[in-house]
Amino acid sequence: MEAALEQHLDETMKHPAVVGVLITDQQGHNLACRGSLSDEHGGVVSVLAKQAAGLSKDPTDSPTVCLESDTGNVLVRSHGSITVAVHKMAS
């Protein structure tokens, strides 16, 4: 599974606008990262996804958090027991 995860990260990083990818478990422990997102971001990413899920009345809903700035966006979303963050530069 780890090889497949690494392959997905590498494929995601090939997109021109993507400058960072991070995958964490439910406790915020880093499973894999590339580019601008690193181990130090794992806890924050995990908490953002949990807090966003708490805003929804539907327990099966998995909202996407978008942190926007003038230079780019960080998209955060949980998928089952993992959370994925993607850092994209503005076009």
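Summary of the structure given here. Bear in mind that the values here come from a model prediction, so they are computed numbers and not experimental data.

**Topic: the sheet that holds strand S1 (residues 18-24)**
Stage number 1. Spatial strand order, S2-S1-S5-S4-S3: five strands in an open sheet with antiparallel pairing. Only two strands of the sheet have a single neighbouring strand rather than two, namely strand S2 (30-35) and strand S3 (64-68). Neighbouring strand axes in the sheet, compared pairwise and without regard to direction, differ in orientation by 10 degrees on average.
Stage number 2. Examined bridge by bridge, S1 and strand S5 (residues 82-89) share six bridges and lie antiparallel to one another.

**Description of the environment of Ala-17**
Stage number 1. Structurally, Ala-17 can be placed in the loop between helix H1 (2-13) and S1.
Stage number 2. A residue is classified by how much of its surface remains accessible, and Ala-17, at 30% relative accessible area, is partly exposed.
Stage number 3. Here Ala-17 is in contact with His-87, Lys-88 and Met-89, once residues within four sequence places are set aside.

**Describing the pairing of S2**
Stage number 1. With five bridges joining them, S1 and S2 adopt antiparallel strand pairing. In the sheet register, Ile-23 faces S2, and the bridge partner there is Ala-32.
Stage number 2. Counting the residues between successive antiparallel strands, the hairpin from S1 to S2 contains five residues, one of them, Gly-28, with a positive phi of roughly 90 degrees.

**Focus: the side chain of Thr-24**
Stage number 1. Position of Thr-24 relative to the elements: it lies in strand S1.
Stage number 2. The buried category is assigned to Thr-24, whose relative accessible area is 0%.
Stage number 3. Excluding residues within four positions of it along the chain, Thr-24 makes contact with His-29, Leu-31, Gly-42, Ser-46, Ser-81, Ile-82 and Thr-83.

The rules behind these values
Numbers given for residues are sequential positions, taken from 1 along each chain in its written order. Totals for whole chains, interfaces and linings use every residue, but because this is a predicted model, local features are given only for residues with pLDDT of at least 70 and side-chain atom pairs only at 80 or more, for both listing and counting. Derived side-chain values reflect all non-hydrogen atoms in the structure, with water molecules and hydrogen atoms excluded from consideration. Whether two strands pair depends on DSSP finding at least two bridges between them. Helix and strand assignments come from DSSP, with helices taken as H or I runs of at least 4 residues and strands as E runs of at least 2, each series counted from the N terminus. Every angle, taken between N-to-C directions, lies between 0 and 180 degrees, and every axis is a line fitted to C-alpha atoms, over only the stretch in contact when it is a helix. Note on classification: 1.4 Å probe, protein chains only; a residue is buried when its accessible area is under 20% of the maximum for its type, exposed when over 50%, partly exposed between these limits. Contact definition: two residues touch when any of their heavy atoms are within 4.5 Å.

Spatial relationships are all this shows, so hold off on functional conclusions.
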